[in-house]
There are 2 protein chains.
Amino acid sequence: MAVDTLPSRILENTVNELSKLPGIGKRTALRFALYLLKQPSSEIDGLVTALVQLKSDIKYCKRCHCISDDDICPVCSNPKRDGTTVCVVENIQDVMAIENTQQFNGVYHVLGGVISPIDGIGINDLHIADLITRIETENVKEVILALPTTMEGDTTNFYIHRQLQKFDNVAVSTIARGIAIGDNLEYADEVTLGRSILNRVPFENVFKR
Amino acid sequence: MAVDTLPSRILENTVNELSKLPGIGKRTALRFALYLLKQPSSEIDGLVTALVQLKSDIKYCKRCHCISDDDICPVCSNPKRDGTTVCVVENIQDVMAIENTQQFNGVYHVLGGVISPIDGIGINDLHIADLITRIETENVKEVILALPTTMEGDTTNFYIHRQLQKFDNVAVSTIARGIAIGDNLEYADEVTLGRSILNRVPFENVFKR
């Protein structure tokens, strides 16, 4: 199946638009387009409506900046969640990953990225000032930094940690790094293994909640 | 990244619609949706417009049933193409594949499928009657059967061949089957290798056009 000899400009245009999706080349885009052509109109209508709604109707939670249908997201508006523990994450996918573990009952704060001068992302591009305001106005007792273990993530961790030092009653923690469950020690990288020895925990803590 | 804990019904709806595309699961669909959310409005608008146009404006060539922007496709309306040689193919992808070889200067006839009782596709679901009409009304000298080498393709080949026997002046051929260029004989399947020996061609023909 070749894409450089398409018999229709409309098809070509659709292929070009679809191939902008991440990881989708012209060939797969053509497969999508020809698949859609074979479907009944309702199928394309459903997709088009969903895409239009996605752009026009979706909101970001005014408190934690997560994706939401309303002004306040389901996590923030849930009275059963513990508002005193705030988990700071890079993006929405991280919220979903942590939610999926069903191990966290606090609330989130989505930064929208990490400090990365090379990508032109500075402190003012992230929701860091909002986080400080939240701690000043809400009854926050613990901030969990759950940013990626990259140089950018570490820089952001360090910056936020310094900003939070003025709050005496707020504990700042970071998620545990170490050998993944099910991993063999011999295949772990040296930095992770080294840190997991330095940051060893009392055995009786392992099965604690 | 988990998809069973999406914080927004609008996002969930988009993920469900996108995951209907062939080969796309919920995870990839979520990646698409979050990617689209980050893009400027013009990007989604472009995709939406392309999809709407695809369904409303695309036509099928009245002569060969290939996809087209006009009533007659670019191949059929090109005066340089040889209208006396008609290549019969299963679908539009096959037209593009053959066009891409730049070895064929005739015109096409797209059947829209092959005879397949198990999928409920019979003779009347395909553009076979149209092909007969074309041969009766146009000055066709050769019909090349380029259907897939499956049982369904062979059945369709056989049926069309029988229908064409009443035309004395029309030659019916089929594309050559054999060992693919660059393939080793030891890895070829027995049927293909067996046929390629039975249907051997004079050596001087190999480099002929």
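Residues numbered from 1 in each chain as written. Chains lettered and ligands numbered in written order. Predicted model: local features only at pLDDT ≥ 70, side-chain atom pairs only at ≥ 80, totals over all residues. Heavy atoms only, no water.

Here's the deal with the nonpolar core
One broad trend across soluble globular proteins is that nonpolar side chains are buried collectively.
Piece 1. In terms of nonpolar packing, the biggest core is built from 114 residues, with L11(A) and L11(B) touching the most fellow members.
Piece 2. The contacts of L11(B), once residues within four sequence positions are left out, are L54(A), I58(A), I67(A), M96(A), L6(B), L30(B), A33(B) and L34(B). (Core = buried A, V, L, I, M, F, W, Y, C linked by side-chain atoms within 4.5 Å. Buried < 20%, exposed > 50% of the residue type's maximum accessible area, 1.4 Å probe, protein only. Contact = heavy atoms within 4.5 Å.)

Some remarks on the interface of chain A and chain B
Piece 1. Contact with chain A, which involves 54 residues of that partner, is made by 54 residues of chain B.
Piece 2. Summing both partners gives a buried area of about 5,200 Å² for chain A against chain B, and 71% of it is carried by carbon and sulfur.
Piece 3. It is I10(A), K55(A) and M96(A) that lose the most area in chain A upon contact with chain B, and together they represent 13% of the buried surface on that side.
Piece 4. Taken together, the connections running from chain A to chain B amount to two salt bridges.
Piece 5. Between D69(A) and R9(B) there is a salt bridge; the shortest N-O distance is 3.6 Å.
Piece 6. Our count for the contact surface shared by chain A and chain B stands at 14 residue pairs in polar contact (both at pLDDT 80 or more).
Piece 7. Counting only elements with at least two residues in the side of chain A that touches chain B, the list comes to α1 (9-18), α2 (26-38), α3 (41-57), β2 (67-68) and α5 (92-101) of chain A.
Piece 8. Looking at the side of chain A that touches chain B element by element, the count peaks at 13 residues for α3(A).
Piece 9. A class-by-class count of the residues in the side of chain A that touches chain B yields 32 nonpolar, 12 polar and 10 charged. (Buried area = accessible area lost by both parts, 1.4 Å probe. Salt bridge = Lys/Arg side-chain N within 4 Å of Asp/Glu carboxyl O. Polar contact = N/O pair within 3.5 Å; in protein donor to acceptor, adjacent residues only side chain to side chain. Helix = DSSP H or I, 4+ residues; strand = E, 2+ residues; numbered from the N terminus. Nonpolar A, V, L, I, M, F, W, Y, C, P; charged D, E, K, R; others polar.)

Quick look at the relation of the copies chain A and chain B
Piece 1. When chain A is fitted to chain B, the best match, at an RMSD of 0.1 Å, comes from turning it 180° and sliding it 0.1 Å along the axis. Accordingly, the operation relating the two chain copies is best matched by a two-fold axis. Considering only C-alpha atoms, the part of chain A nearest the rotation axis is V48(A), at 2.9 Å.
Piece 2. Most of the interface of chain A is mirrored in chain B: 100% of its interface residues are interface residues there too. (Least-squares fit on C-alpha atoms with pLDDT ≥ 70 in both.)

Some remarks on helix α1 (residues 9-18) of chain B
Piece 1. Among all positions of α1(B), only I10(B), L11(B), T14(B), V15(B), E17(B) and L18(B) are buried. Relative to the axis of α1(B), the buried residues are bounded by an arc of 165° and lie together on one face.
Piece 2. Looking at the packing, one finds that the buried side of α1(B) touches α3, β2 and α5 of chain A together with α2 (26-38) of chain B.
Piece 3. Two to three positions downstream of the cap, the backbone nitrogen of I10(B) sits 3.2 Å from a side-chain oxygen, assigning the N-cap of α1(B) to S8(B). (Arc of directions from axis to C-beta.)

Quick look at the environment of N100(B)
Residues and elements named next belong to chain B.
Piece 1. Following the sequence through the fold, N100 ends up in helix α5 (residues 92-101).
Piece 2. Given a relative accessible area of 34%, N100 falls into the partly exposed group.
Piece 3. A C-alpha to C-alpha distance of 16 Å links N100 and I175, two positions 75 residues apart in sequence.

Things to note about the pattern of salt bridges
Piece 1. On inspection of all chains with the given rule, the structure shows 13 salt bridges over all chains.
Piece 2. The structure contains a network of salt bridges with shared partners spanning K59(A), K62(A) and D71(A).

Side note on unusual backbone geometry
Backbone phi values are negative for most residues with the exception of glycine, while trans is the configuration of most peptide bonds.
Piece 1. In this model, Q102(A) sits at a positive phi of 55°, which is unusual for a non-glycine residue.
Piece 2. By the secondary structure assignment, Q102(A) is in the loop between α5 and β4 (106-110).
Piece 3. One non-glycine residue, H65(B), lies in the positive phi region at around 70°.
Piece 4. Looking at the element boundaries, H65(B) is found in the loop between β1 (59-60) and β2 (67-68).

As for the side chain of S68(B)
Piece 1. Checked against the element boundaries, S68(B) lands in strand β2.
Piece 2. By relative accessible area, S68(B) is classed as buried at 0%.
Piece 3. A distance of 2.9 Å separates a polar side-chain atom of S68(B) from the backbone oxygen of D70(B).
Piece 4. Setting aside residues no more than four positions away along its own chain, S68(B) makes contact with P7(A), S8(A), I58(B), K59(B), C61(B), C73(B) and P74(B).

Some points on the pairing of strand β5 (residues 142-145) of chain A
Residues and elements named next belong to chain A.
Piece 1. In the sheet, strand β3 (residues 82-89) pairs with β5 via four bridges, with the strands oriented parallel. Across the sheet, V88 pairs through a bridge with L145, a residue of β5.
Piece 2. Pairing geometry for β5 and strand β6 (residues 171-174), over four bridges, is parallel. The partner of E142 across the bridge, within β6, is A171.
Piece 3. Once the chain exits β5 it traverses helix α7 (residues 151-164) before rejoining the sheet at β6, and the crossover so formed is right-handed. (Pairing = 2+ DSSP bridges. Right-handed = clockwise from strand over helix to strand, strands pointing away.)

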